[in-house]
Amino acid sequence: MVDDLVVRGGTVVDGDGARRADVLVRDGRIVDVGEELEHGGARIVEADGAYVVPGGIDVHTHFALPVGAVTSADDFGSGTLAAACGGTTCVVDFAGAGREPWEEALATWHDRARGRAVVDYGFHLTVTELPTDPEAAAQRFTAFAEQGVTSVKLYLAYPDRLMVDDETLGRALVASRRTGVRVCVHAEDGATVEALVAEVLAAGRTGPDAIPSARPPSVEAEAIRRAAALAGAAGSWLYVVHLSSEAGLQAVRAARAAGVDVHTETCPHYLHLEQSHLEAGDPDFVCAPPLRRASDRVALWDALGVGDVEVVATDHCPFTTTDRRRGTGGTGWADFTGIPGGLGGVETRLSLVYQGVTTGRLSLERWVDATSAAPARLFGLDGVKGSVRVGLDADLVVFDPGATRRLDASHLHSRSDHSPYADLVVTGWPAVTISRGEVVAVGGEPTDPTPGRGRFVRRTPLATAPRRGITAGGADQPGRAVSREDRPR
């Protein structure tokens, strides 16, 4: 039994706006929100006028992801601990490399998370093929949903291992319309990227400085246009992951103007970092899509402020400096194609996006929406998380707008030995992180939460009634719904 807890004296910020209120928590859920709540013998968390916001939801992480001979630095233990320290209380990780049977991929990812995760988690499934028969394709998506996995990712890049053709993406979008399983796309035109890579290598350009030429904004925009056209033809919903450029943003806006239901996320590194790091030849800033120019950063901040970019997720996939230099082959890289790509961000996301509030680019409500409410709304979690509302999980963050923190690796909890934001001092940091009523971090440091306390969250398909079942990590079989009454206490 979890004791009652009251978060007292804060300014609650969520989709209902900002207001002074206390939050009463019982058995891991919010049971009352209001001024000067009666709390009896409840444990008190003093907010002292700070913001009380719903726990962050990061819908794009890659924990313990093998990339050739190396693996991303954070597993579900260190990754979710870092998330908690930075105010994120739920992550959605990408399961599978698309080459193994989906049942095997899902079982593997459940095994990786169970007994390790500190905060709650869900999965997307990576899809590289689908049955040509529409009924069989829809049945496969229905099988995903029955396991609580209601989103998939298809790649328009990496033809050697992941890229799908337009016919496969089209079938996925039709199956999405029929089943409510959301389709996400990595939008870079793989054929053009391969041609440009060959071109720059032939010119003798082998270092990270060549990457912006090999993966320019135009390949992102073209892939978005193709995917959006297919979504429009299928009458389906489409989600573009890690939007990086103004050109890609314009393609999203054009698709919406044509009536296509397109949604998108960007990442903190596209809001705060620029391609000058790559031009300097630094392999520790390699990611795909690559970092862009200052004008792209400005365009993305502006779009985030007005909601044209709805979500900020991280694509959290850091490596150690040693593994970067070992390369995907394990013996060093001869050119940029052998550098494992990905940056960290699961701990720093909430504060990095909050910098938009400090500079006047974002309202408080827009900050909360981009980091929690919109991810919940778009990915089938809004019946469980994403708001400070009675009946939802008590995933709460007391956010101190005056706290400062330098974002070098020594102040963070990732297993990566470097931070892409090492030179940045942010204003605003979580003072307390609460996951289902349990304080898991204070002042950005863990309170020794039990590994494995995080639970698998079964998400709902589009256009279906919310299901609130959750599978308890380490206690139940993957995919078995656990009602509120059945949950271990």
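Worth saying up front: this structure is predicted, and the values here are computed from it rather than measured.

(A) Structural context of the packing of helix α13 (residues 349-358) against helix α14 (residues 364-378). α14 packs onto α13 with a crossing angle of 150 degrees between their chain directions and a minimal axis gap of 9 Å. Comparing the axis directions of α13 and α14 gives the class roughly antiparallel. You can see that α13 and α14 cross each other, and the crossing is right-handed. Touching R349, L350, V353, Y354 and V357 of α13 are L364, W367, A370 and T371, all from α14. Taken together, the residues of the contact of α13 with α14 break down into seven nonpolar, one polar and one charged.

(B) Up close: the nonpolar core. By size, the foremost hydrophobic cluster in this structure holds 103 residues, and its most contacted members are F123, V183 and W367. Of all the elements, helix α7 (residues 217-234) adds the most residues to this core, at eight residues. Here F123 is in contact with F76, V92, D93, A95, L106, W109, H110, A113, V149, S151, F456 and R459, once residues within four sequence places are set aside. Residues V23, I30, V432 and I434 belong to the second largest nonpolar core, which totals 18 residues.

(C) View of unusual backbone geometry. With an omega of -5 degrees, the peptide bond between A288 and P289 qualifies as cis. Mapped onto the elements of the fold, P289 is located in the loop between α10 (276-279) and α11 (294-306). For A64, which is not a glycine, the phi torsion comes out positive at approximately 50 degrees. For A64, the position within the fold is in the loop between β6 (56-61) and β7 (66-67). At R436, a position not held by glycine, the phi torsion is positive, near 45 degrees. Mapped onto the elements, R436 comes out in the loop between β17 (425-435) and β18 (438-442).

(D) Focus on the packing of aromatic side chains. One pass over the structure, following the stated rule, counts 15 aromatic pairs. Their ring planes at 50 degrees and their centres at 5.6 Å tell us that Y121 and F123 sit as a pair that is tilted. In this structure, Y121 and F123 share a single accessibility class: buried. An aromatic cluster is defined as three or more aromatic residues linked by ring pairs; in this entry it consists of F63, F76, Y121, F123 and F456. Sitting above the plane of the F94 ring, K153 keeps its charged end 4.4 Å from the centroid. A cation over an aromatic ring shows up here: R161 above the ring of Y158, its NZ or CZ 4.6 Å from the ring centre.

Scoring rules and cut-offs
Just so you know, the residues in each chain are numbered from 1, in the order the chain's sequence is written. In view of the model being predicted, local features appear only for residues whose pLDDT reaches at least 70, and side-chain atom pairs are presented and counted only at 80 or more, with totals across whole chains, interfaces and linings using the full set of residues. No hydrogens and no water enter the side-chain calculation; it runs on all heavy atoms of the structure. Where helices are involved, their axes are fitted lines through C-alpha atoms of the stretch in contact, as for all axes, and angles between N-to-C directions lie from 0 to 180°. Numbering of helices and strands runs from the N terminus, with a helix taken as a DSSP run of H or I at least four residues long and a strand as a DSSP run of E at least two residues long. If an angle is under 35 degrees, it is roughly parallel; if it is over 145, roughly antiparallel; if it lies from 65 to 115, roughly perpendicular; otherwise it is oblique. Should the near helix be turned counterclockwise from the far one by less than a right angle, the crossing is left-handed, whereas a clockwise turn marks it as right-handed. Contacts were defined at the residue level, with two residues in contact if any of their heavy atoms lie within 4.5 Å. Classification used: nonpolar for Ala, Val, Leu, Ile, Met, Phe, Trp, Tyr, Cys and Pro, charged for Asp, Glu, Lys and Arg, polar for all others including Gly. Nine residue types can take part in a nonpolar core, namely buried Ala, Val, Leu, Ile, Met, Phe, Trp, Tyr and Cys, and a core is a set of them joined through side-chain atoms within 4.5 Å. In this scheme, a residue with accessible area under 20% of its type's maximum is buried, one over 50% is exposed, and one in between is partly exposed, where area comes from a 1.4 Å probe on protein chains only. Classification of ring pairs rests on two measures: the distance between centres of Phe, Tyr or Trp rings, Trp counted by its six-membered ring, which must be within 6.5 Å, and the angle between planes, read as stacked under 30 degrees, edge-to-face over 60 and tilted in between. A ring has a charge above it when a Lys NZ or an Arg CZ is no more than 6 Å from the ring centre and no more than 35 degrees off the ring normal.

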